[in-house]
Amino acid sequence: MTDTTNAPAAPSNPPPSQIGAQKGAWSRFLTATELDTRLIGMVAALILIWGGFHMYGVLVNGQGFFLTPRNLWNLSVQTASIGIMATGMVLVIITRHIDLSVGSILGFTAILMGMMQVNILPQYLGLGHPAIWIITVVFGIICGMMIGGFQGALVAYGGIPAFIVTLGGLLVWRGCAFLVARGETISPVDATFSLLGGGPYGSVGATGSWIVGLIICAGIVFMIVNGRRQRTKFKFAKRPYWADAFLAVLGCAATVGAVLLVNSYYWPKGIVRQYIAANDLNVEADALFISHGFAIPVLVLVVVAVTMNFVMNNTRFGRYVFAIGGNPEAAALAGIDTKWMTVKIFAIMGGLAGLSAVVASARLNSATNALGTLDELYVIAAAVIGGTSLAGGVGTIFGAILGALVMQSLQSGMVLIGFDAGMQQVVVGSVLVLAVFLDILYRRKSK
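All residue numbers refer to positions counted from 1 along the written sequence of the respective chain. Only residues with pLDDT of 70 or above have their local features reported here, since the model is predicted, and side-chain atom pairs are shown and tallied only from 80 upward, although totals for entire chains, interfaces and linings are computed over all residues. Values shown for side chains rest on all heavy atoms present in the structure; no hydrogens or waters enter the calculation.

A short note on the overall build of the protein chain
Looking only at helices and strands, the protein chain has 18 helices and 0 strands in total. Throughout, exposure labels follow a simple rule: accessible area from a 1.4 Å probe, protein chains only, divided by the maximum for the residue type, with under 20% read as buried, over 50% as exposed, and the rest as partly exposed. Within the protein chain, buried positions represent 44% of all 447 residues. If you take every contact in the protein chain between residues at least 6 apart in sequence, the share linking residues at least 24 apart comes to 78%. Two residue types count as positive, namely Lys and Arg, and two as negative, namely Asp and Glu; His and chain ends fall outside the count. By convention, the point assigned to a charge is CZ for Arg, NZ for Lys, CD for Glu and CG for Asp. Across the protein chain, the mean location of the 25 positive side-chain charges is 11 Å away from that of the 16 negative side-chain charges. The numbering of helices and of strands both runs from the N terminus, where a helix is a DSSP run of H or I of at least 4 residues and a strand a run of E of at least 2. The contact definition used throughout considers only heavy atoms, calling two residues in contact when any of these lie within 4.5 Å.

Given below as structure tokens:
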């Protein structure tokens, strides 16, 4: 008789449903909603920064000045110029390059646009012609694209490292701005052009803001519904219905909150009195409340962010950008013209710098040689803080926007509490180094 024993059954892998059940509630939530943990961390950091500066004001001055409609409205306008360029810097860094010249390109194109609308176009079209601002904006963006494309060609076809090319561009274009303007400030700019910089008249008001908010909410719902339809069509895994509903409610709630915020910031009484006098209104200034609403530079930033996000995630161009950043050699072997792509990426970066020059010079109502100084630091920091890896291949557009908001929040908060310029630079530099270090740790963990 043979002695037999019952061997234990071999362990088998649990089904995916059981694996999901074994995860914590937070992990299951992140998996279902597909939210980026780094973006969540950035939002949490932003809340801490805002709350910290506001509480500092409460403790020291007895009143907080940061979390007020006025300051947050101004913060959004100040973020617009850096945020616009940060969306282009994401493409540059993803493809393992860098652009140190964006601030100088901004200053140079601002000077060119100032000369165009102040000294050249009025001679042919007449002062205040409605086409002046349109021609000026198009001219500035094209000039920026040509400069960026030229630098991209030196990198791609000349074989010069982007660091060296753009470092030289930082000096060259700043010098060109000085030579063109002879160190003078060009002002005032065209009256319609100046509206692109924000201000009481450079905003869309309460009604316009609600219209913009409804359009954004409709776009959020459409993207979620269309995304679910596309996943069904191509048989990809779909988010649970509750996750889609949560994302839609979250996005719409944030949009409505932003509309309520900007509409709660009213025109100063001095501007209201000018408005009453100009329109012959029979009303007291104290009885008239006119909301700023969304500033035009913020709407420009929103349009740029949505467009760039669509290009990066829904076009062949965007797939090529990520492919080059992931492995340039493999991308070239796969048939991607990496050199021509590099030229186009730097041209886009230059065009966005030209668009930022529009916003920056319109906000100042003038063009100066120093405009955009050190902006390259804030743009690169915004992209890196937003999750764009300096190793290439990783980055998000909306992350860069959040990074720009973090950087501008730090700078604005330090000004409010009285930090001098030296301490501001220490903090900004430290945050940039910390962001790169956290990115290294995140990539190690993901591997």
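Points about the packing of helix H2 (residues 25-33) against helix H10 (residues 241-263)
Closest axis-to-axis distance for the H2/H10 pair is 9 Å, and the angle between their directions is 80 degrees. For the element pair H2 / H10, the angle class is roughly perpendicular. Contact with H2, carried on its side by Phe29, Ala32 and Thr33, involves Trp242, Ala243, Phe246 and Leu247 of H10 and no other residues of that element. Charged means Asp, Glu, Lys or Arg here, nonpolar means Ala, Val, Leu, Ile, Met, Phe, Trp, Tyr, Cys or Pro, and polar covers whatever is left, Gly included. Here the contact of H2 with H10 is composed, by residue class, of 6 nonpolar, 1 polar and no charged. For every element, the axis is a line fit to its C-alpha atoms; helices are fit only across the contacting stretch, and the angle between N-to-C directions ranges from 0 to 180 degrees. Orientation categories follow fixed angle ranges, with anything under 35 degrees roughly parallel, anything over 145 roughly antiparallel, 65 to 115 roughly perpendicular, and all other angles oblique.

Some points on the nonpolar core
The nonpolar side chains of soluble globular proteins are, as a tendency, buried together. Remark: nonpolar core denotes a set of buried residues (Ala, Val, Leu, Ile, Met, Phe, Trp, Tyr, Cys) joined through side-chain atoms within 4.5 Å. Membership of the largest hydrophobic core comes to 85 residues, with the highest contact counts inside it found for Met85 and Met89. Among the elements that take part in this core, helix H4 (residues 69-94) stands out by supplying 13 residues, more than any other. Counting residues in each nonpolar core, the second largest holds 10 residues, with Trp73, Val259, Tyr265 and Val298 among its members.

Some details on the packing of aromatic side chains
Here a Phe, Tyr or Trp ring, Trp counted by its six-membered ring, pairs with any other such ring whose centre lies within 6.5 Å, and the pair is stacked when the planes are under 30 degrees apart, edge-to-face when over 60, and tilted otherwise. For the structure shown, the criterion picks out 11 aromatic pairs. Between the aromatic rings of Phe29 and Phe246, the centroid separation amounts to 5.2 Å while the plane-to-plane angle is 80 degrees, which identifies the pairing as edge-to-face. Of this pair, Phe29 sits in helix H2 while Phe246 sits in helix H10, and the two are 217 residues apart along the sequence. A ring pair is formed by Tyr266 and Phe289, whose centres lie 5.5 Å apart and whose planes are at 65 degrees; its orientation type is edge-to-face. One end of the pair, Tyr266, is in the loop between H10 and helix H11 (269-279); the other, Phe289, is in the loop between H11 and helix H12 (296-314), and 23 residues separate them in sequence. The class of Tyr266 is partly exposed, set by a relative accessible area of 38%. Exposure remark for Phe289: the relative accessible area of 52% places this residue in the exposed category. Of the aromatic side chains, those joined through ring pairs into one cluster are Trp26, Phe29, Trp242 and Phe246. The rule for a charge over a ring is simple: NZ of Lys or CZ of Arg within 6 Å of the ring centre, and within 35 degrees of the ring normal. Over the ring of Tyr241 we find Arg228; its NZ or CZ atom is 3.8 Å from the centre of that ring. Across the ring face of Phe289, the terminal group of Lys269 is positioned such that the distance to the ring centre comes to 4.3 Å.

A short note on a nonpolar patch on the surface
Surface patches are defined over residues having more than 30% relative accessible area and no salt bridge, joining like charges when they lie within 9 Å and nonpolar side chains (Val, Leu, Ile, Met, Phe, Trp, Tyr) when within 5 Å. For the accessible areas, the method is Shrake-Rupley and the probe is 1.4 Å, while residue cover comes only from the protein chains on display. Should a side-chain nitrogen of Lys or Arg be within 4 Å of a carboxyl oxygen of Asp or Glu, the pair is scored as a salt bridge. On the surface, Met55, Tyr56, Val58, Leu59 and Val60 cluster together into a nonpolar patch covering about 480 Å² of accessible area. As for its placement among the helices and strands, Leu59 is situated in helix H3 (residues 37-61).

Notes on the packing of H4 against H12
Packing of H4 against H12 brings their axes to within 8 Å, and their N-to-C directions diverge by 15 degrees. One finds that H4 runs roughly parallel with respect to H12. Judged by the twist between their axes, the crossing of H4 over H12 is left-handed. Taking contact as the criterion, the partners of Ser76, Val77, Thr79, Ala80, Gly83, Ile84, Thr87, Gly88, Leu91 and Ile94 in H4 are, on H12, Pro297, Val298, Val300, Leu301, Val304, Met308 and Met312. In terms of residue class, the contact of H4 with H12 is made up of 12 nonpolar, 5 polar and no charged. The handedness criterion is simple: a crossing whose near helix is rotated anticlockwise from the far helix by less than a right angle is left-handed, and one whose near helix is rotated clockwise is right-handed.

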